[in-house]
Amino acid sequence: MYNEAKKDLLNVLKLEPNNKQAKNDIEIVNHKIKQSEIQKISDIKCQKTNTINNLQNTSSKMLYKDDEPIKIVTPDWPERVGCKQITSKQKPPHLRSKKPFCTLNIKDVQVNQEELNNIQLLQTTLKEVCEKKIIDQPINKEVIPMKKDLVQTEKKHVAIPPVPQTYVQLKQDWACLKNDPELLFQYLKQIPGKRLPSIVRNSMDNDLFVDILRILQTKFIKNGYNITDYLMGISELPRLQMLVMFCSSNEVLCIKELLNYVSKFVPENAYKNLKDSFRV
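Residues numbered from 1 in each chain as written. Predicted model: local features only at pLDDT ≥ 70, side-chain atom pairs only at ≥ 80, totals over all residues. Heavy atoms only, no water.

Under an unreviewed UniProt entry, the name given to the protein chain is RNA polymerase II-associated protein 3, and the organism recorded is Melanaphis sacchari.

Below you can see the structure in the form of structure tokens.
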């Protein structure tokens, strides 16, 4: 209604812009439109409150609705002579008692002192008999071997592997004998030094390289063996410079000591070639 009237008044103002009555009427219509919108909003709010109240009432009715009484069905038990049938009574939880069905009557019992004495005598006799049996048993004193003796016996039984044909075999044998330098010395002694490049090829790692140098230093030199073949074989390894580069200062000193020892058995030209190959 008001919107249509507003459209008509606007059309009038287009034709007569100076019409004062039309302007006043438009203000009145706008005021009425605002009032109608406010009333609509209030009506919507009232509807919402009414629906909420209705829901609350229905839920309260559902909650406080009287529950139907539980029907107790007693089975038809067979009747027996001298027996009474106990029927159950329906009680709400707050009225149910937490007491047991019947109380037990506890009576004080007097124990005879003679019986207690007899029990004590039996206990003491049993203890004495058990102790005598333990004393009479012969004690088998077994000599427990020490760890050192066990290690020595194990060393005696360990067989030194044959000369390896591949690097994998060399690595496996070395790992088995690594804990005993003497066995490593015996194992390395049977391998010709000049065959090391053909066995190892490009697979020599730094750990095995250092271990071989240590065995040459600690065992071969002390026992007066000539290690020129071993150093010649090591000098022919393709990755020798890389292995030397990753050596520590102590390991470099070990290489220098080996080269100085070899200088006694080798001419000067061969010694220079070895030194150049190691670059130490």
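On we go.
Enquirer: Would you explain the state of the cysteines in this entry?
Expert: Taken as a whole and assessed by the stated rule, the structure comprises zero disulfides. Unpaired in terms of disulfides, Cys247 finds its nearest cysteine sulfur in Cys254, a separation of 8.8 Å. For Cys247, a relative accessible area of 11% gives the class buried. (Disulfide = S-S within 2.5 Å. Buried < 20%, exposed > 50% of the residue type's maximum accessible area, 1.4 Å probe, protein only.)

Enquirer: Help me understand the side chain of Gln217 in this model?
Expert: Assignment of secondary structure puts Gln217 in helix 8 (residues 206–220). Other than its neighbours up to four places away in sequence, Gln217 contacts Lys222, Cys254, Glu257 and Leu258. (Helix = DSSP H or I, 4+ residues; strand = E, 2+ residues; numbered from the N terminus. Contact = heavy atoms within 4.5 Å.)

Enquirer: Whenever I open this one, the pattern of salt bridges confuses me. Can you help?
Expert: Charged atoms that come close allow side chains of opposite charge to pair. Enumeration over the complete set of coordinates arrives at three salt bridges. Of the charged contacts in the structure, one is a salt bridge between Lys171 and Asp205, with a shortest N-O distance of 2.5 Å. Of this pair, Lys171 sits in helix 5 (residues 167–177) while Asp205 sits in the loop between helix 7 (196–200) and helix 8; the two residues are 34 residues apart in sequence, bridging distant segments of the chain. What makes Asp205 partly exposed here is its relative accessible area of 23%. Between Lys178 and Asp211 there is a salt bridge, with the nearest N and O atoms lying 3.8 Å from each other. Here Asp211 lies in helix 8 and Lys178 lies in the loop between helix 5 and helix 6 (181–189), a separation of 33 residues in the sequence. (Salt bridge = Lys/Arg side-chain N within 4 Å of Asp/Glu carboxyl O.)

Enquirer: What is the right way to read a nonpolar patch on the surface from this model?
Expert: Together, Met242, Met245 and Phe246 make up a nonpolar patch on the protein surface, roughly 350 Å² of accessible area in all. Secondary-structure assignment places Met245 in helix 10 (residues 240–245). For Met245, a relative accessible area of 58% translates into the label exposed. (Patch = residues over 30% accessible without salt bridge, like charges linked within 9 Å, V, L, I, M, F, W, Y side chains within 5 Å. Areas by Shrake-Rupley, 256 points an atom, 1.4 Å probe, with all protein chains shown as cover.)

Enquirer: When you look at helix 8 in this model, what are you seeing that I'm missing?
Expert: Every α-helix carries 3.6 residues per turn, so stepping three or four residues along brings you back to the same face. The end-to-end C-alpha distance of helix 8, which contains 15 residues, comes to 20 Å, matching closely the 21 Å that a straight helix rising 1.5 Å per residue would cover. Within the sequence span of helix 8, burial applies to Leu208, Phe209, Val210, Asp211, Ile212, Leu213, Ile215, Leu216, Gln217 and Phe220. For helix 8, the elements touching its buried residues are helix 5, helix 6, helix 9 (228–235), helix 10 and helix 11 (249–262). (Expected span 1.5 Å × (residues − 1).)

Enquirer: Where do I start with the layout of surface pockets in this structure?
Expert: Considered as a void within the structure, the largest pocket measures approximately 270 Å³ in volume. Every residue lining the largest pocket is listed: Lys89, Gln90, Lys91, Leu95, Arg96, Ser97, Lys99, Pro100 and Phe101. For the lining of the largest pocket, the per-class residue count stands at three nonpolar, two polar and four charged. Taken together, Trp77, Pro78, Glu79, Arg80, Cys83, Lys84 and Gln85 form the lining of the second largest pocket. (1 Å grid on protein atoms, 1.4 Å probe; cavity = no way out; pocket = protein on both sides within 12 Å on 5 of 7 lines; lining within 4 Å. Points joined across faces, edges and corners; volume = space filled by probe spheres on them. Nonpolar A, V, L, I, M, F, W, Y, C, P; charged D, E, K, R; others polar.)

Enquirer: It is not clear to me how unusual backbone geometry should be interpreted in this structure. Could you clarify?
Expert: Outside of glycine, negative phi angles account for most residues, and trans bonds account for most peptide bonds. Positive phi, close to 60°, is recorded for Arg201, a residue that is not glycine. By the secondary structure assignment, Arg201 is in the loop between helix 7 and helix 8.

Enquirer: Explain helix 11 to me, please; I cannot follow it from the model alone.
Expert: Taking 1.5 Å as the rise per residue, helix 11 with 14 residues should run 20 Å; its terminal C-alpha atoms sit 20 Å apart, in good agreement. All buried positions along helix 11 are accounted for by Glu251, Cys254, Ile255, Leu258, Leu259, Tyr261 and Val262. Axial view of helix 11: buried residues confined to an arc of 160°, hence all on one face. Across from the buried face of helix 11, at angles greater than 90 degrees, the exposed residues are Ser249 and Leu253. Where helix 11 is buried, its residues touch helix 8, helix 9, helix 10 and helix 12 (268–278). (Arc of directions from axis to C-beta.)

Enquirer: What is the right way to read the packing of aromatic side chains from this model?
Expert: Ring pairs (aromatic) are described by centroid distance and by the angle formed between their planes. Per the stated rule, a full pass over the model turns up six aromatic pairs. Counting every residue linked through ring pairs, the aromatic cluster contains Phe185, Phe220, Tyr225 and Tyr230. (Phe/Tyr/Trp six-rings, centres within 6.5 Å; stacked < 30°, edge-to-face > 60°.)

Enquirer: For this particular structure, what's the right way to read the nonpolar core?
Expert: Counting 42 residues, the largest nonpolar core has Phe209, Leu216, Ile227, Ile234 and Phe278 as its most contacted members. When contributions to this core are tallied by element, the ones reaching two or more residues are helix 5, helix 6, helix 7, helix 8, helix 9, helix 10, helix 11 and helix 12. With eight residues, the top contributor of residues to this core is helix 8. Excluding residues that lie within four positions of it along the chain, Ile227 makes contacts with Leu216, Phe220, Ile221, Leu258, Tyr261 and Val262. Within the second largest apolar cluster, six residues are counted, among which are Leu13, Ala22, Ile26 and Ile33. (Core = buried A, V, L, I, M, F, W, Y, C linked by side-chain atoms within 4.5 Å.)

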